[in-house]
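# Descriptive structure summary
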Amino acid sequence: MLLLALAIASEVTATVSLKISDGFSKLVPSIIVVIGYGAAFYFLSQALKRGMAIGVAYGIWSAVGVAAIAIIGVLFLDERLTLVQIGGIGLVILGVLALELGGVH
């Protein structure tokens with residue numbers, strides 16, 4: 001689970017840096033994008049290698065990533081969320097829970 005958390009943190013960092021890079025016109029954020037996405041895929045691959053189910057891992061990664069990016073966008077990037085968007089994030093999270101719970105024997 002630690003490896004998946006590192007994958008999520010790396011991906012979220014890279015995605016925020018992608019926004020800040022201004023279309024890859026700013027060097028430092030652009031470098032963070034490349035390193036962040038590389039690290040995200042590395043950590044995800046290590047979580048999968050250690051036996052985490054791919055559907056669950058990717059679902060958790062997606063749900064947490066979407067929620068984190070949305071919150072960061074609202075708090076730091078002057079973006080807004082509508083009730084429909086909040087509901088959509090909730091549905092993604094419920095979908096991940098269904099994947100996780102559906103796999104329990």
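Everything here concerns the structure above.
Quick caveat: nothing in here was measured; it's all calculated off a predicted structure.

### Observations concerning the pattern of salt bridges
Considering all chains together, one arrives at one salt bridge under this definition. For the salt bridge of Lys19 with Glu79, the shortest nitrogen-to-oxygen distance reads 3.4 Å. Of the two residues, Lys19 sits in helix α1 (residues 2-20) while Glu79 sits in the loop between α3 (54-76) and α4 (83-102), which places them 60 residues apart along the sequence. Judged by its relative accessible area of 33%, Glu79 is partly exposed.

### Comments concerning the packing of α1 against helix α2 (residues 27-49)
Packing of α1 against α2 leaves a shortest axis separation of 7 Å and a crossing angle of 160 degrees. Taken together, the axes of α1 and α2 are roughly antiparallel relative to one another. The two elements α1 and α2 cross, and the hand of that crossing is left-handed. Taking contact as the criterion, the partners of Leu3, Leu4, Leu6, Ala7, Ser10, Glu11, Thr13, Ala14, Thr15, Ser17, Leu18 and Ile20 in α1 are, on α2, Pro29, Ile32, Val33, Gly36, Tyr37, Ala39, Ala40, Phe43, Leu44, Gln46 and Ala47. Taken together, the residues that form the contact of α1 with α2 break down as 16 nonpolar, six polar and one charged.

### Examining α1
An ideal rise of 1.5 Å per residue puts 27 Å on 19 residues; α1 measures up with 27 Å between its terminal C-alpha atoms. If you check which residues of α1 are buried, you get Leu4, Ala7, Ile8, Ser10, Glu11, Val12, Ala14, Val16 and Ser17. Along its buried surface, α1 packs onto α2 and α3. Looking one or two residues past α1, Asp22 carries a phi angle of roughly 55 degrees, positive in sign.

Rules of the game
Residues numbered from 1 in each chain as written. Predicted model: local features only at pLDDT ≥ 70, side-chain atom pairs only at ≥ 80, totals over all residues. Heavy atoms only, no water. Salt bridge = Lys/Arg side-chain N within 4 Å of Asp/Glu carboxyl O. Helix = DSSP H or I, 4+ residues; strand = E, 2+ residues; numbered from the N terminus. Buried < 20%, exposed > 50% of the residue type's maximum accessible area, 1.4 Å probe, protein only. Axes fitted to C-alpha atoms, helices over the stretch in contact; angles between N-to-C directions. Parallel < 35°, antiparallel > 145°, perpendicular 65-115°, else oblique. Left-handed = near helix turned anticlockwise from the far one by under 90°. Contact = heavy atoms within 4.5 Å. Nonpolar A, V, L, I, M, F, W, Y, C, P; charged D, E, K, R; others polar. Expected span 1.5 Å × (residues − 1).

By themselves, these observations are geometric and do not establish any function.
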